[in-house]
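# Observations on chain architecture
Here is what each chain is made of, one letter per residue.
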Amino acid sequence: MPEKISYVDNYADVTVYELTQEREAILLEKQTECTFMWTNSDNEPVGVIMNYIWRKGSIWLTATKQRKRIPAIKARPAVAVAISSRGTNIGISQAITFKGKAILHEDAETNEWMNNELANAVRPHDKEQAKAFAQHLTNSPGRLVIEVIPQKKISFDSDSLFKNSPTGPSQSQLS
């Protein structure tokens, strides 16, 4: 692990302000929205906002076969996923980006598992809504699961940066 700088005199190199394992785990548990990125057939980068879950050391998403990202993933399985803390109750400016390999799962067992896990994650306070959402996903024709197996990660924690900064603590440190 990189040594932490004791005093910040500029923000040129923020690579030393990584999320700790504990804060990374909290971010991945609390957030359910990410930016999923791939390249199209012209080798142009493309990204969309999607719901996800973090389970079994992978990022899990779902889409139907007619989405442009599915043939792109089949042709070029190298993808990236960016996740930020924005919109959660854990503070601002925590982020992690995973570069990885996408695997498409079309089997009913994986789809059912994913649909239930995702529905419970995005509808945590209403079991009936979660059940209805899982059923909606299951009944969507051509639905499959995208598993992203992380191969590299880049993370950032503004609380770590601002702790010893002349600009002072971040808003999450004040609450």
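Everything numeric here is computed off the predicted structure, so don't read it as measured data.

## Re the nonpolar core
Judged by nonpolar contacts, the single largest core of 24 residues is most densely connected at F36, L61, I83, I146 and V148. Those elements that provide at least two residues to this core are α1 (21-30), β1 (33-39), β4 (58-64), α2 (69-75), β5 (78-84), β6 (94-105) and β7 (143-157). Leave out the neighbours within four places in its chain, and F36 touches V46, G47, V48, M50, L61, R69, I73, V79, A80, V81, I146 and V148. Listed in part, the eleven residues of the second largest apolar core include M114, L118, V122 and V145.

## What about the layout of surface pockets?
The space that makes up the second largest pocket amounts to roughly 190 Å³. Of all elements in the fold, only β2 (45-51), β4 and α4 (127-138) reach the threshold of two or more residues within the lining of the second largest pocket. Looking at the lining of the second largest pocket element by element, the count peaks at three residues for β4. Considering only residue class, the lining of the second largest pocket consists of five nonpolar, three polar and three charged.

## Structural notes on the sheet that holds β2
Strand pairing in a sheet relies on backbone hydrogen bonds, with the paired strands running either antiparallel or parallel. Taken in spatial order, the seven strands of this open sheet run β2-β1-β5-β6-β7-β4-β3, and their pairing is antiparallel. Strands with a single pairing partner mark the edges of an open sheet, and in this sheet they are β2 and β3 (53-55). When the angles between neighbouring strand axes are averaged without regard to direction, this sheet yields 35°. Here β5 runs beside β6; their pairing, made up of seven bridges, is antiparallel.

## Looking at the packing of aromatic side chains
By the definition in use, this model includes three aromatic pairs. Judged by centre distance (5.4 Å) and plane angle (15°), the ring pair of W54 and F98 falls under stacked. Taken together, the positions of W54 in strand β3 and F98 in strand β6 put the pair 44 residues apart, joining distant regions of the chain. Overall, the relative accessible area of 2% leaves F98 in the buried class. Ring geometry for W60 versus W113: centroids 4.8 Å apart, planes at 75°, classification edge-to-face. Within this pair, whereas W60 is found in strand β4, its partner W113 is found in helix α3 (residues 108-122), the two being separated by 53 residues in sequence.

Thresholds applied
Residues numbered from 1 in each chain as written. Predicted model: local features only at pLDDT ≥ 70, side-chain atom pairs only at ≥ 80, totals over all residues. Heavy atoms only, no water. Core = buried A, V, L, I, M, F, W, Y, C linked by side-chain atoms within 4.5 Å. Buried < 20%, exposed > 50% of the residue type's maximum accessible area, 1.4 Å probe, protein only. Helix = DSSP H or I, 4+ residues; strand = E, 2+ residues; numbered from the N terminus. Contact = heavy atoms within 4.5 Å. 1 Å grid on protein atoms, 1.4 Å probe; cavity = no way out; pocket = protein on both sides within 12 Å on 5 of 7 lines; lining within 4 Å. Points joined across faces, edges and corners; volume = space filled by probe spheres on them. Nonpolar A, V, L, I, M, F, W, Y, C, P; charged D, E, K, R; others polar. Pairing = 2+ DSSP bridges. Axes fitted to C-alpha atoms, helices over the stretch in contact; angles between N-to-C directions. Phe/Tyr/Trp six-rings, centres within 6.5 Å; stacked < 30°, edge-to-face > 60°.

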